[in-house]
Amino acid sequence: METFFDNQVQELIEKTDIIFKTYLKAKRNDAQAKVTIPKSFTKEFFSLVDQVSLSLMEDKDNFYGYFLMQMSREIRFDISSPTAVNFKGAKYVLHFNPIIFLNLNLKQMESTIKHEILHIVSLHLIRAKEFQADYSTLAINMAMNVVVNTYLDHLPPYAVTLEWVNLKYSLKLLPFKPFEYYLEGIQTALDLLEADEDAADERDTDDSDDTDDSKDKTGTANGGTPDRDQDETIETEYHPEKAHDLWEDSSDIDEKTLQKFTEKFISHAQKGSIPNYLESMISSLKNSRGELPWNLYLKKLMGTVESHKKKTITRRNRRQPDRLDLRGQLRSHKANIVVALDISGSISDQEFHQAIKEVLDIVKNYNHELTIVECDSEIRRVYNVKSAKDINDRINIRGGTRFTPVFEYANHHKVNLLVYFTDGKGEDKLLTIPKGYKTLWVISGRGDKLSLKEAYGAVKKLKNIVANDDSLNINDVKRDGFSMNDQEGMHV
């Protein structure tokens, strides 16, 4: 039995079809023709959205309804998802593509709105920028969608979920992990696919030119995929790679200001009890200070450390593979990473073990050698580690703290990166100046700030360790009852 809502949706679908056909007709006469949206259609469409909003307000998750009330709304036919969000003129703006949105039922419409709000609360609009240089847009988009969709029901059939990603890319990613965890896994899978395709392309070049001719005749290169000449003014279906393109169209605003605006939106939306996962997200956002945490900063540093390459005859030049006289390149440089641990009692064993595991996880994809230097007023022990099981118990000698001995060690051992865990209470001036390597100071949870007047590197704070139970799987927990301490910690 059809409801009034269903009938309203159907009428809007028919009117959307008229808008679409009118645009295509106009474009045949004028290549610059634009989509014309009648005011009556806009009014009727947002009347429908109001009903979705009212449904959200009546839901136990009414946070989303109150958040939506503060957002501006616009209709755009050029977005490749039912909804999209950006920040314009001191407000978050929710955009709707009627062609895709109207094909959802009421619950799916609610979910796609919740999806955009979760991106905002997770600060994905800010965090995604940190990875654009090193990761593909597709991997970033899918990783963020996996995170937010884990907390939503009634998703559209094409939604990017953890199950879908694991199945499509033959992965075994675990549920309730941070965005960065999914990003690494998905990017690795995409890189492997690309490598397979490159190998296939090389084999194809040895075949006759008939295959290329067939592609030219069809205008497609992948079994019917539309080419770039297709009209992009109107999008008719979901494209995960383009789903967040609109974020680039946000107002030029610094990250701290955007975070303050976000906190204000959240504050006005908290009218009652909220699910635990949302409460944890919001708490994490408010506790962040708008700066990159030490572990993500280390990731950025690693991207600059391991950059040397050597010539090889076993690989063709990637830019000119037909030039057999040009040699390819292989990464050859082994990054020499020193992790200094202040053993003067300022950092707990649990803090350090957790931190060093994160260091190992970050550097595992790089050709590296990792050395731990235990020190207080002098260097007490130096040893290499390849995995967490190589980490020794700390020796029980604890004096005052001096930073200079570690820098003297680093200067004489061709170090590429020095990560120094300490409470920050040592000299106010280094007697040895760092030479030729980057330094990252990580101040323990008990510490306050670095005593040095000049740090010669970035200074970050170590997050307090929270005991987590990693034995959960997606079938064991109710979303409302799961703490997100291990999930979307705000990495800004």
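Peer 1: I'm lost on the packing of aromatic side chains in this one. Help?
Peer 2: Aromatic rings in a pair are described by how distant their centres are and how their planes are angled relative to each other. With the rule as written, the count across this model stands at 24 aromatic pairs. Ring geometry for Phe-45 and Phe-96: centres 5.6 Å apart, planes at 70°, overall edge-to-face. Taken together, the residues span a long stretch of sequence, with Phe-45 in helix H2 (residues 39–58) and Phe-96 in strand E3 (residues 91–96) at a distance of 51 residues. The pair Phe-45 / Phe-96 is uniform in exposure class, with both members buried.

Peer 1: Help me understand the environment of Ile-343, please; the structure alone is not making it clear to me.
Peer 2: Positionally, Ile-343 belongs in the loop between strand E6 (335–342) and helix H14 (349–363). Assessed through its relative accessible area of 0%, Ile-343 is described here as buried. The spatial distance from the C-alpha of Ile-343 to the C-alpha of Ile-379 is 9.8 Å, given a sequence separation of 36 residues.

Peer 1: How do you make sense of helix H5 (residues 106–121) when you look at a structure like this?
Peer 2: In an α-helix, one turn spans 3.6 residues; hence positions three or four apart end up facing the same way. If you check H5, its first and last C-alpha atoms are 23 Å apart, about what 16 residues at 1.5 Å a residue would give, namely 22 Å. With respect to burial, H5 is a largely interior element, 14 of its 16 residues being buried. Regarding H5, its N-cap is Asn-105, as a side-chain oxygen of that residue lies 3.1 Å from the backbone nitrogen of Lys-107 further along. Immediately downstream of H5, the backbone of Leu-123 shows phi near 60°, a positive value.

Peer 1: Is there a simple way to explain the sheet that holds strand E11 (residues 458–461) in this structure?
Peer 2: Think of a sheet as strands paired side by side through backbone hydrogen bonds, with each pair either parallel or antiparallel. Spatially, six strands are ordered E8-E7-E6-E9-E10-E11 in an open sheet, and the strand pairing comes out mixed. Lying at the two open borders of the sheet, with one neighbouring strand each, are strand E8 (379–385) and E11. If you compare each strand with its neighbour and ignore which way they point, the axes differ by 20° on average. Sheet topology places strand E10 (residues 438–443) next to E11; four bridges connect them, and they run parallel. Each bridged residue has a counterpart across the sheet, and for Trp-441 the counterpart in E11 is Val-459. Contacting E6, strand E7 (368–375), E8 and strand E9 (417–422), H14 runs over the sheet at an angle of about 160° to E7.

Peer 1: I keep staring at the sheet that holds strand E2 (residues 83–88) and nothing clicks. Help me out?
Peer 2: Overall, mixed pairing links the three strands, which are arranged E1-E3-E2 in an open sheet. The two strands at the open ends of the sheet, each matched to only one other strand, are strand E1 (72–75) and E2. Ignoring strand direction, the axes of neighbouring strands in this sheet form an average angle of 30°. Two strands pair when backbone bridges link them, and E1 and E3 are joined in this way by four bridges, in the parallel orientation. Counted as the bridge partner of Glu-74 is His-95 from E3. Where H2 meets the sheet, it contacts E1 and E3, and its direction lies at approximately 130° from that of E1. This element, helix H11 (residues 255–269), spans E2 and E3 of the sheet and lies at about 75° to E3.

Peer 1: Is there a simple way to explain the pattern of salt bridges in this structure?
Peer 2: Where side chains of opposite charge bring their charged atoms close, a pairing between them can arise. Evaluated as defined, the whole model comprises twelve salt bridges. Salt-bridge contacts for Arg-76 lead to Asp-78; the nearest nitrogen and oxygen are separated by 3.0 Å. Accessibility expressed as a relative area gives 23% for Arg-76, which makes it partly exposed. Here Glu-378 ties to Arg-380 by a salt bridge, and the two come within 3.8 Å at their closest N and O atoms. Classification of Glu-378 as partly exposed rests on a relative accessible area of 40%.

Cut-offs applied
Sequence order as written defines the numbering, with residues in each chain counted from 1. For a predicted model such as this one, the threshold for reporting local features is a pLDDT of at least 70, and the threshold for listing and counting side-chain atom pairs is 80 or more; totals across whole chains, interfaces and linings nevertheless cover every residue. Note that water and hydrogens are dropped before the side-chain values are worked out from all heavy atoms of the structure. Each pair of aromatic rings taken from Phe, Tyr and Trp, with Trp reduced to its six-membered ring, is defined by centres within 6.5 Å and is described as stacked if the planes are under 30 degrees apart, edge-to-face if over 60, and tilted in the remaining cases. By definition, any uninterrupted DSSP run of H or I lasting at least four residues is a helix, any uninterrupted run of E lasting at least two residues is a strand, and each is numbered from the N terminus. Note on exposure labels: buried denotes an accessible area under 20% of the residue type's maximum, exposed denotes more than 50%, and partly exposed covers the range between, all computed with a 1.4 Å probe on protein chains only. The length a helix should cover is 1.5 Å for every residue beyond the first. Two N or O atoms count as a polar contact when they lie within 3.5 Å, although within protein this holds only if one can serve as hydrogen donor and the other as acceptor, and sequence-adjacent residues are included solely when both atoms are side-chain atoms. Strands are treated as partners if at least two bridges between them are detected by DSSP. Working convention: axes come from line fits to C-alpha atoms, limited for helices to the stretch in contact. Angles between N-to-C directions cover 0 to 180 degrees. Every residue pair with non-hydrogen atoms within 4.5 Å of one another is taken to be in contact. Any carboxyl oxygen of Asp or Glu that lies within 4 Å of a side-chain nitrogen of Lys or Arg is treated as forming a salt bridge with it.

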